[in-house]
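Inside the fold
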Amino acid sequence: MTRFVLSIATVFFFPLEGSAQISGSVALVEKGGVVRKVVEGALVYVDGVEATPARDLSARKVTISSRDKAFTPRVQAVTVGESVTFPNLDDIMHNVFSLSKGNRFDLGLYKSGAKKDFVFENPGLVRVYCNIHPHMSAFVQVLPNPYFTWVQPDGGFNIARVPPGQYTLKVWHEEAQTSQPVVVSEGGASGVLLKLDVSQYKKRSHLNKFGKPYKRKRGKY
Ligand SMILES: [Cu+2]
């Protein structure tokens, strides 16, 4: 009987997922040690959590639109098995594709107003491009668990309901990435500072969906 009462108490009063949070800030350090004033497109996530997901992400819709010959937003994060919808909001055709290992796809050429989905089945960074417009690029981070968050413009971040444990905290930004160990106690982990050296970043070019260089037509795209 005692055991029964205890197990009921465990279920109702001590939820399986953690109530601890990881909070801190991210600094993007440019040439000369200057810290960028506004942080945009930085993702912080916890690697190594094996507990039941604390957040049900199944109802949310993740979208990357093609608008004004650009992907918007340019960076998204999903958990393994989630899909992203790619609507074409332009008056011209686009062809969204990726050659990234584990999540290769080609949505084909589609017109204004149409949209297509892709389910991301493997963890990792996915580079998304358009086969018509070489300057269009986006990123999808496919993560094994839902313990991630976007960094606020002022650099602050907060990942809620993390189960206590020892993990690796990672931060990804298009221009730099880093990771460091984090110990999450019952009281969480606060004041975590992640510094990214973005001074060495160089924009990279890419090939089309056939693995060939893009062909410029009449000097325009
Ligand atoms: Cu395009």
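Residues numbered from 1 in each chain as written. Predicted model: local features only at pLDDT ≥ 70, side-chain atom pairs only at ≥ 80, totals over all residues.

**A look at the overall build of the protein**
For clarity, the threshold we go by: Secondary structure elements follow DSSP: runs of H or I of four or more residues count as helices, runs of E of two or more count as strands, with numbering from the N terminus. Counting other C-beta atoms within 10 Å of a residue's C-beta gives its exposure: the residue is buried at 20 or more, exposed at 12 or fewer, and partly exposed in between, where C-beta atoms are placed from the backbone. Placing C-beta atoms from the backbone, we regard two residues as in contact once those atoms come within 7 Å.
Along its length, the protein carries 1 helix and 17 strands. Taken across its 221 residues, the protein has 27% of its residues classed as buried. Considering only contacts within the protein whose residues lie at least 6 apart along the sequence, 63% involve residues at least 24 apart.

**Looking at the sheet that holds strand 14 (residues 156-162)**
The criterion, for reference: Paired strands are those between which DSSP finds at least two bridges. For every element, the axis is a line fit to its C-alpha atoms; helices are fit only across the contacting stretch, and the angle between N-to-C directions ranges from 0 to 180 degrees.
The strand order across the open sheet formed by 3 strands is 14-1-17, and the pairing between neighbours is mixed. Edge strands, defined here as strands with exactly one partner in the open sheet, are strand 14 and strand 17 (189-197). Each neighbouring strand pair of the sheet contributes to a mean axis angle of 25 degrees, computed without reference to strand direction. Two strands pair when backbone bridges link them, and strand 1 (residues 20-29) and strand 17 are joined in this way by 7 bridges, in the parallel orientation. Among the inter-strand pairings, A27 is bridged to a residue of strand 17, identified as K195.

**Some points on the confidence of the model for the protein**
Defined as follows: Per-residue confidence from the predictor is given as pLDDT, running between 0 and 100.
Averaged over every residue, the pLDDT of the protein is 89; residues scoring 70 or more account for 86%. In this model residues 1-16 is a low-confidence stretch, pLDDT under 50, and it forms 2 contacts with partners more than four residues away in sequence or in other chains.

**Quick look at the pairing of strand 15 (residues 165-173)**
When strand 2 (residues 43-47) meets strand 15, the two strands line up antiparallel, connected through 5 bridges. Paired with D47 across the two strands is T168, which belongs to strand 15. Bridge count for strand 15 against strand 16 (residues 176-184) is 9 bridges, and the pairing is antiparallel. Its bridge partner lying in strand 16, W172 is registered against Q177. The turn linking strand 15 back onto strand 16 is made up of 2 residues.

**A look at the nonpolar core**
Put simply, the rule reads: Here, a nonpolar core means buried Ala, Val, Leu, Ile, Met, Phe, Trp, Tyr and Cys residues linked by C-beta atoms lying within 7 Å of one another. How far each domain reaches was decided by an automatic or database domain assignment.
Ranked by size, the top nonpolar core spans 45 residues in total, and within it V26, V44, V46 and V128 carry the most contacts. Looking at this core, the element that brings in the most residues is strand 12 (residues 137-143), giving 5 residues. Taken together, domain 1 (17-54 + 147-200) and domain 2 (56-145) each give at least three residues to this core, which thus spans both. Once residues lying within four places of it in the same chain are set aside, the contact partners of V46 are I22, N145, Y147, I159, V162, Y167 and L169.

**Observations concerning the environment of V183**
On the secondary structure map, V183 appears in strand 16. Here V183 falls in the exposed class, since 10 other C-beta atoms lie within 10 Å of it. Taking C-alpha positions, V183 is 4.6 Å from Q166, a pair spaced 17 residues apart along the chain. Non-local contacts of V183, meaning those with residues more than four positions away in its chain, are made with Q166 and A189.

**A few points about the sheet that holds strand 11 (residues 124-130)**
Pairing in this open sheet of 5 strands is mixed, and the strands run 6-12-11-8-9 from one edge to the other. Only two strands of the sheet have a single partner each, and these edge strands are strand 6 (75-79) and strand 9 (105-110). Adjacent strand axes in the sheet meet at a mean angle of 20 degrees, parallel and antiparallel pairs treated alike. Across 5 bridges, strand 6 lies against strand 12 in parallel orientation.

**Some remarks on unusual backbone geometry**
Look at the link from T72 to P73: it is a cis peptide, with omega at -5 degrees. Assignment of secondary structure puts P73 in the loop between strand 5 (70-72) and strand 6. Its identity is not glycine, yet D68 carries a phi of approximately 55 degrees, on the positive side. Here D68 is to be found in the loop between strand 4 (65-67) and strand 5. At R161, a residue that is not glycine, the phi angle is positive and equals roughly 55 degrees. By the secondary structure assignment, R161 is in strand 14. For R161, a count of 17 C-beta atoms within 10 Å gives the class partly exposed.

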